[in-house]
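# Structural description and commentary
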Amino acid sequence: MAAQTKQKRLISKIAVLIGLCLGAIFAGFPVFWMFLNSFKPNSEIFAFPPKIISDNFTLAGYHEIFSNPEKIRFFTNSYVVSISVTLLTLLVAIQAAYAFSRFDFPGKSTFNIVILSLQAVPPITLMIPYFGLMVTLKLYNTYQGLILTYMVFTLPYAIIMMTGYFNTLPRELDEAVKLDGGGALATLWRILVPVSIPGIVSVGIYTFMISWNEYLFALTLTRTQEMRTVPIGIQLLMGQHSYEWNEMMAMSILGSLPVLVLFLFFQRYFMGGLTSGAVKA
Amino acid sequence: MLHRLLGKLSSKKSKKVGVLRCEAGGSHSAAQPILLGISEKLMRRGCPVSASSLLRDRRGTSSLTILKKNLEPYAFISPTILLLVVLMVVPVGLVIKYSFYDNVIVNQFPKFVGLDNYFAIVKDEAFRIALVNTSMLTVGSVLAHLLIGLSFATLLNSGLISNFSKALFRMIYILPWLFTVAIIAILWRMILNPNGVINYILTTVHLTGSPIEWLSNEKTALLSVIFINIWAGYPFYMTSILAGLQGIPRDLYEAATVDGASAFQQFINVTLPQLRPIIISMTMLDLIWTSQQFALIWMTTGGGPMTATEMLGTYTYKLAFSQYQFSQAATSAVVLFVLSMLLAFFYVRNQKARD
Amino acid sequence: MQLELKMIDSTHTWVYCPFKRARFRIKRRKTARNTNAPGGKMKKNASIRTRLTALLSVAAVLVVSAGVSTPARAADVTLEFSQWWEPELPAGSFRGLMDEFEAANPGIKVKLLSGPYSSTKEQIVAGAASKTMSDVVGLDGAWVSDFAKQGALASLTKLMTTSNYDQAQLASQIKIGGQAYMIPVVNFVYPLFTNDALLAKAGVKSVPSTRSEFATAAKAISKIDKTTKGWALPLSQEAPNGIQNDVMSLVWASGGSMLAGGKPSLTNAKVKNTMTYIKGLWDAGAITPGAFTMKEQDKVEEFTNGRVGMMIDSLSHIGLIRENNPSLKFTISPLPAEDGYKGKRGIPYASWGIGVSSNSKHQAEAFKLVAFLMSQKTNSKLSSIAHAFPGNTKSVPDYVNGDPLYKAAFAIYTKGYPANEFTGLPVAEELMRLFDVQFQKYLSGKISVTAALNAAQAAWKAKF
């Protein structure tokens, strides 16, 4: 009996591993290809039959980036903007999501509908009026302009996702704090936030990702090379007459590293149930 | 720190912090005590307590407190409202205004034409083709995202594999998310090139005879583009569901196992219902988001062979920056906006009904 | 019945229970109790809180202190020049030219703003709409008509007359309604590139010069093996200049035209013959696969990797091809013309054009920069580093005398005539795209050539 269960477990484990490996090929192969290409000289990237490791393995792509202070500045700008956006968005979104999840107030549905559908306005049509607004507010070509813009883009997602997370948490948690004499603020920061850390982390990573990879508004709202971010840096390598393929690949790989690191750092928040056992019926 | 802050917020020394309702009958079993703090202690002292209606009773509280309580939610959403009103309402309002003029920006003297642009758009065949293609892209992508996200998240959450493997695979699975759209487009164009690596593998294992024009053949272009979109977007679902899975209390699973439910039954009856609010929110967002997808399509196929991958996003872009018809582009944007508002309306109503 | 809770101090609460008719003094807990590990949870709370606080303060500091400090402006005039050229030229070379200008014009400083080429058009439109356009802008001929209509560009004719500029030295000017809005600074011509080795392998003795020779060569090359094709035809709708460089160029090479009196005339015989000719190549399988979404850059990569025998491409790619495949031997020649055509052959070109924005506060100084770039010496230098042909009639780039390929190209350039009928047309890029869609339908065999040309003609007429 025990041996049978053990065998079943083993089969399940192998099945899971196979599933994971297939998924990894689906997810990782293109990125792996990009990684390989970042070490090839430009001439071999389109060779057929495609080579896995080039005979002329070269770090030229990476060297170009590291030896150019302008390009390093792209990374710095991206970091400043993305980190600020993530923190500020989380701060604002958590509060708004709390209001949506735990309160019922006039205008709640309307506001919900509006922020949801604001997502639907194609950025390309919004670009020119928005640009005019930024110029009027004197936020053109500044960090603040970009940060506020990205907050506007990421807030709706963040609020909706956080509301979803808060909605999965039972009301008894709130009442626990209220019994102890806490108000709304205490309920939020003492109980709801610590308990929804996985949700906050995933929303935070998502916000970081959006602001790191955004191109159109980064280009429109920055003017000088000192303010530009990594996606613009990548596009600059696509000239009218020449494409620096390996440098593009290298820049993308380098650009993806901070998020990978973030993800690594916050991995443990995805493990284990923080809510299990907090409330006993 | 917060505790002291709360102390400061309330007025003087002896203040009322709340009211507990007593059960008239007074038996323990009738009450539903929540084992925390004060109520527990009172229970121990023999005072039956139900804390459920604690918050609702406002008798005896001052009008200031009532006002404060009413305004509380608004205080929480005020930074959001401020930001969105200042930065979004004006541009979106302008876009809506543009749709009522004959042409703006390139036309120095715009003329008001009412709903003419709307009639023109609806009659435009390209718009209808774009609408059809966009619906296929959206529905296909969202469904696939959901399925892939659920499967990956479940696999990653499985108790059968070590934490190290989980961490490793998690890292691999979020890779598509890490890249800007331009690079994803270039990468997939490289991979799906008729002389690219996919065709090379397929011809080497003799699955096909001649190179397949994935992105250039109208039969395969839309599917290829949908596939690329699926690849680029599934990590969103996966991480959100993964985070949601962490929030499901273990005891529910334990109870189900005790009841004799198989893993699959547990998935259907425990996991999915618990994940429902998250799944619905994400699906809503993804629907709206995919329907205005532009950059990925534009940079891979540019609207495709003939009109095979023409989407609302590319259609609008071409109106704006190729034909310089900003009013018509604004009209197309407003149509999308209204459709999404309808979708959002039903979503919010559904949420309210459930609550 | 109700209990009353009264907070008497920060640690204790009085609770009156009417049921028991007694008052209890109960010690309050600081945080909600977790049955699992109260101590651990509180510690976790604290550490999360401190971490959050720390991160928030960092964010606040960043937001408050961030921002670009604007450099103190002297009495100098600072011109902003937005273009996409600087990244494509050898590092520092374009800045070097600007430094020369500044040295020759004390009191004027030039700030170079470079952006990605693919987004230049939108950025100019947005800049013009919000009045933040740079003083001097790099332009493409396909955009001029629409920007002029938008009122974004200043009339160069006015500026030239005011400064008594000798207009004869300009090879061409793009005029809308009699006023010039763009001057082509350097021109990139698109001759025919042929792969010597592939031609030899296919048994073709000499570089094709007529259409039938070209067709024979293309078909022969396609028979060499499965991955090699005779001709690359980029028809991507994203950047549809394949219609200009690879399709209409064949019409112009035979002295044909797609316009009549400045208005669309797509149904004429020369255009029709060109269409059927290309369809013949298509049906014979002589064209590289993936044509419907191929971009110019893909075409170059196919050629560089020796998978396509012939292509019509920009001269500026010679350096790129040599760099990426030094062993590739190729020849530059004029575009094939209709059999029996003896007249001058048009050679397509794309230019780096320059214009002055209408909302610039320093239009006179801006024109000085334009004049500088068009001056004989500077124009020669610029054409040399860009490997393009000069926009000044007297300039001669230095590579012409050294390199046999460039020499050949220059000879073709002078023997033929630069042909690009799309320059200055309204919504030129959209016209290319409208034609492209019909052309793709025709190539796939969905519609006949007459239907395709009629549809394209109708679509074009609506834009004029």
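Residues numbered from 1 in each chain as written. Chains lettered and ligands numbered in written order. Predicted model: local features only at pLDDT ≥ 70, side-chain atom pairs only at ≥ 80, totals over all residues.

## Points about the overall build of chain A
Helix and strand counts for chain A stand at 12 helices and zero strands. When the helices and strands of chain A are placed in sequence order, the string is α-α-α-α-α-α-α-α-α-α-α-α. The C-alpha radius of gyration computed for chain A amounts to 24 Å, which surpasses the reference 19 Å derived for 281 residues by more than 25%, pointing to a less compact arrangement than a globule. Each principal axis of the C-alpha distribution contributes one length, and for chain A these read about 75 × 70 × 30 Å. The 281 residues of chain A split such that 62% are buried. Put simply, of all contacts in chain A between residues at least 6 apart along the chain, 75% involve residues at least 24 apart. (Helix = DSSP H or I, 4+ residues; strand = E, 2+ residues; numbered from the N terminus. Rg over C-alpha atoms; globule rule 2.2 N^0.38 Å. Buried ≥ 20, exposed ≤ 12 C-beta atoms within 10 Å, placed from the backbone. Contact = placed C-beta atoms within 7 Å.)

## Here's the deal with the overall build of chain B
Within chain B one finds 14 helices and one strand. Relative to all contacts within chain B whose residues are 6 or more apart in sequence, the contacts with residues 24 or more apart total 64%.

## Comments concerning the domain arrangement of chain B
Each assigned domain of chain B is listed with its residue range as follows: domain 1 (61–98) and domain 2 (115–354). Placing the centre of domain 1 of chain B and that of domain 2 of chain B at their C-alpha centroids yields a distance of 32 Å. (Domains from an automatic or database assignment.)

## Focus on the nonpolar core
Ala 93, Ile 159 and Met 162 of chain A together with Trp 231 and Val 370 of chain C are the most contacted members of the largest nonpolar core, which totals 305 residues. Examining the composition of this core, we find that 17 residues originate from one element, helix α6 (residues 143–168) of chain A, more than from any other. In this structure Met 162 of chain A touches Ala 93, Ile 94, Ala 97, Gly 199 and Val 203 of chain A, once residues within four positions along its chain are discounted. (Core = buried A, V, L, I, M, F, W, Y, C linked by C-beta atoms within 7 Å.)

## Thoughts on helix α3 (residues 69–102) of chain A
In this model, α3 of chain A (34 residues) spans 49 Å end to end at C-alpha, consistent with the 50 Å of a helix rising 1.5 Å per residue. Burial analysis of α3 of chain A places 25 of its 34 residues in the buried class, which makes it a mostly covered element. (Expected span 1.5 Å × (residues − 1).)

## A few points about the packing of helix α5 (residues 123–136) of chain A against helix α3 (residues 63–98) of chain B
Axis separation between α5 of chain A and α3 of chain B bottoms out at 9 Å; the angle between their running directions is 130°. Comparing the axis directions of α5 of chain A and α3 of chain B gives the class oblique. Crossing angle aside, the handedness with which α5 of chain A passes α3 of chain B is right-handed. Listed contacts from α3 of chain B to Thr 125, Leu 126, Pro 129, Tyr 130 and Leu 133 of chain A of α5 of chain A are Val 90, Pro 91, Val 92, Leu 94 and Val 95 of chain B. In the contact of α5 of chain A with α3 of chain B, the residues fall into nine nonpolar, one polar and no charged. (Axes fitted to C-alpha atoms, helices over the stretch in contact; angles between N-to-C directions. Parallel < 35°, antiparallel > 145°, perpendicular 65-115°, else oblique. Left-handed = near helix turned anticlockwise from the far one by under 90°. Nonpolar A, V, L, I, M, F, W, Y, C, P; charged D, E, K, R; others polar.)

## Points about helix α11 (residues 263–291) of chain B
Relative to the 42 Å expected for 29 residues at 1.5 Å per residue, α11 of chain B spans just 35 Å between its end C-alpha atoms, considerably shorter than the ideal helical length. At Arg 276 of chain B, α11 of chain B is deflected by roughly 55°, the largest bend along its length, and proline Pro 277 of chain B occurs up to four residues later in sequence. (Bend = angle between axes of the 7 residues up to and from the residue.)

## Observations concerning the confidence of the model for chain A
Across chain A, the average pLDDT comes to 84, with 95% of residues at 70 or higher. Predicted confidence for residues 272–281 of chain A stays below pLDDT 50, and this span has 26 contacts to residues more than four positions away or in other chains. (pLDDT = per-residue confidence, 0-100.)

## Focus: the sheet that holds strand β9 (residues 192–195) of chain C
All names here are of chain C. Here we have four strands laid out as an open sheet, ordered β10-β13-β9-β14, and mixed in their pairing. For this open sheet the edge positions go to β10 (229–231) and β14 (330–333), each flanked by a neighbour on one side alone. Strand-to-strand twist of the sheet, defined as the mean angle between neighbouring strand axes without regard to direction, takes the value 15°. As defined by bridge partners, β9 adjoins strand β13 (residues 308–312) across three bridges and the pair is classed as antiparallel. Across the sheet, Phe 193 pairs through a bridge with Met 311, a residue of β13. Where helix α7 (residues 211–222) meets the sheet, it contacts β10 and β13, and its direction lies at approximately 155° from that of β10. (Pairing = 2+ DSSP bridges.)

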